[in-house]
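# Structure at a glance
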Amino acid sequence: MRTTYDNATVRLYHLGDDGAAMTIMYGPLSEALRVAEQQPQEVQEGLFLATDNDVVAYLDLIES
């Protein structure tokens, strides 16, 4: 992610198998990571974080 500071505003969303995106929350990156961590593994696999200039899969972000 190009924007990586804790208070960066992000959209945390889940991309379903049907291609539909369901927003879980808008808020600071630090809070979005906390919320994402609490989701079941099968949900985490479809989570994405979007800033105003980038999108990254949650699992890719935490593995880096």
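Source: prediction; values computed, not measured.

### A short note on the overall build of the protein
Scanning the protein from N- to C-terminus turns up three helices and four strands. For the protein, the N- to C-terminal ordering of α and β elements is β-β-α-α-β-β-α. Here the protein has a C-alpha radius of gyration of 11 Å; the compact-globule value for 64 residues is 11 Å, and the two agree. C-alpha extents for the protein along the principal axes are approximately 30 × 20 × 20 Å.

### Observations regarding the nonpolar core
Counting residues in each nonpolar core, the largest one holds 11 residues, listed as Val10, Leu12, Met25, Leu29, Ala32, Val35, Ala36, Leu47, Leu49, Val56 and Tyr58. Counting only elements with at least two residues in this core, the list comes to strand S1 (9-15), helix H1 (29-37) and strand S3 (47-50). Considering every element that reaches this core, the biggest residue donor is H1, with four residues.

### Thoughts on the packing of aromatic side chains
Here the structure, examined in full by the defined rule, presents one aromatic pair. Ring centres of Tyr13 and Phe48 lie 5.7 Å apart, and the angle between their planes is 20°; this geometry places the pair in the stacked category. You can see Tyr13 sitting in strand S1 and its partner Phe48 sitting in strand S3, a full 35 residues away along the chain. Its guanidinium or amino end placed over the ring of Tyr13, Arg11 lies 4.3 Å from that ring's centre, counting from NZ or CZ.

### Looking at the environment of Asp18
Within the secondary structure, Asp18 sits in the loop between S1 and strand S2 (21-28). Among the polar contacts made by the side chain of Asp18, one reaches the main-chain amide nitrogen of Ala20 at a distance of 3.0 Å.

### Quick look at the environment of Gln39
Topologically, Gln39 is positioned in the loop between H1 and helix H2 (41-44). In contact with Gln39, other than residues within four places in its own chain, are Gln44 and Leu47. Within polar-contact distance, the side chain of Gln39 engages the backbone oxygen of Val35 at 3.2 Å.

Quick notes on the rules
- Residue numbering note: each chain is counted from 1, following its sequence as written.
- Only residues with pLDDT of at least 70 get local features here, since the model is predicted, and only at 80 or more are side-chain atom pairs given and counted; chain-wide, interface and lining totals rely on the full set of residues.
- In computing side-chain properties, one takes all heavy atoms of the structure into account and sets aside hydrogens as well as water.
- Per the convention used, a helix needs a DSSP run of H or I reaching at least four residues, while a strand needs a run of E reaching at least two, with both numbered from the N terminus.
- Radius of gyration: C-alpha atoms only; globule rule: 2.2 Å multiplied by the number of residues to the exponent 0.38.
- Definition of nonpolar core: a set of buried residues of the types Ala, Val, Leu, Ile, Met, Phe, Trp, Tyr and Cys, connected through side-chain atoms within 4.5 Å.
- When a residue's accessible area, from a 1.4 Å probe over protein chains only, is under 20% of the maximum for its type it is buried; when over 50% it is exposed; and in between it is partly exposed.
- In summary, the pairing rule links any two rings of Phe, Tyr or Trp, Trp by its six-membered ring, whose centres are within 6.5 Å, and it sorts them by plane angle into stacked for under 30 degrees, edge-to-face for over 60 and tilted for everything else.
- Over a ring means this: the NZ of a Lys or the CZ of an Arg is within 6 Å of the ring centre and within 35 degrees of the ring normal.
- Whenever two N or O atoms come within 3.5 Å, that pair is a polar contact, provided that in protein one can donate a hydrogen and the other can accept it, and provided that, for residues adjacent in sequence, both atoms are side-chain atoms.
- In what follows, a contact means two residues having at least one pair of non-hydrogen atoms within 4.5 Å.

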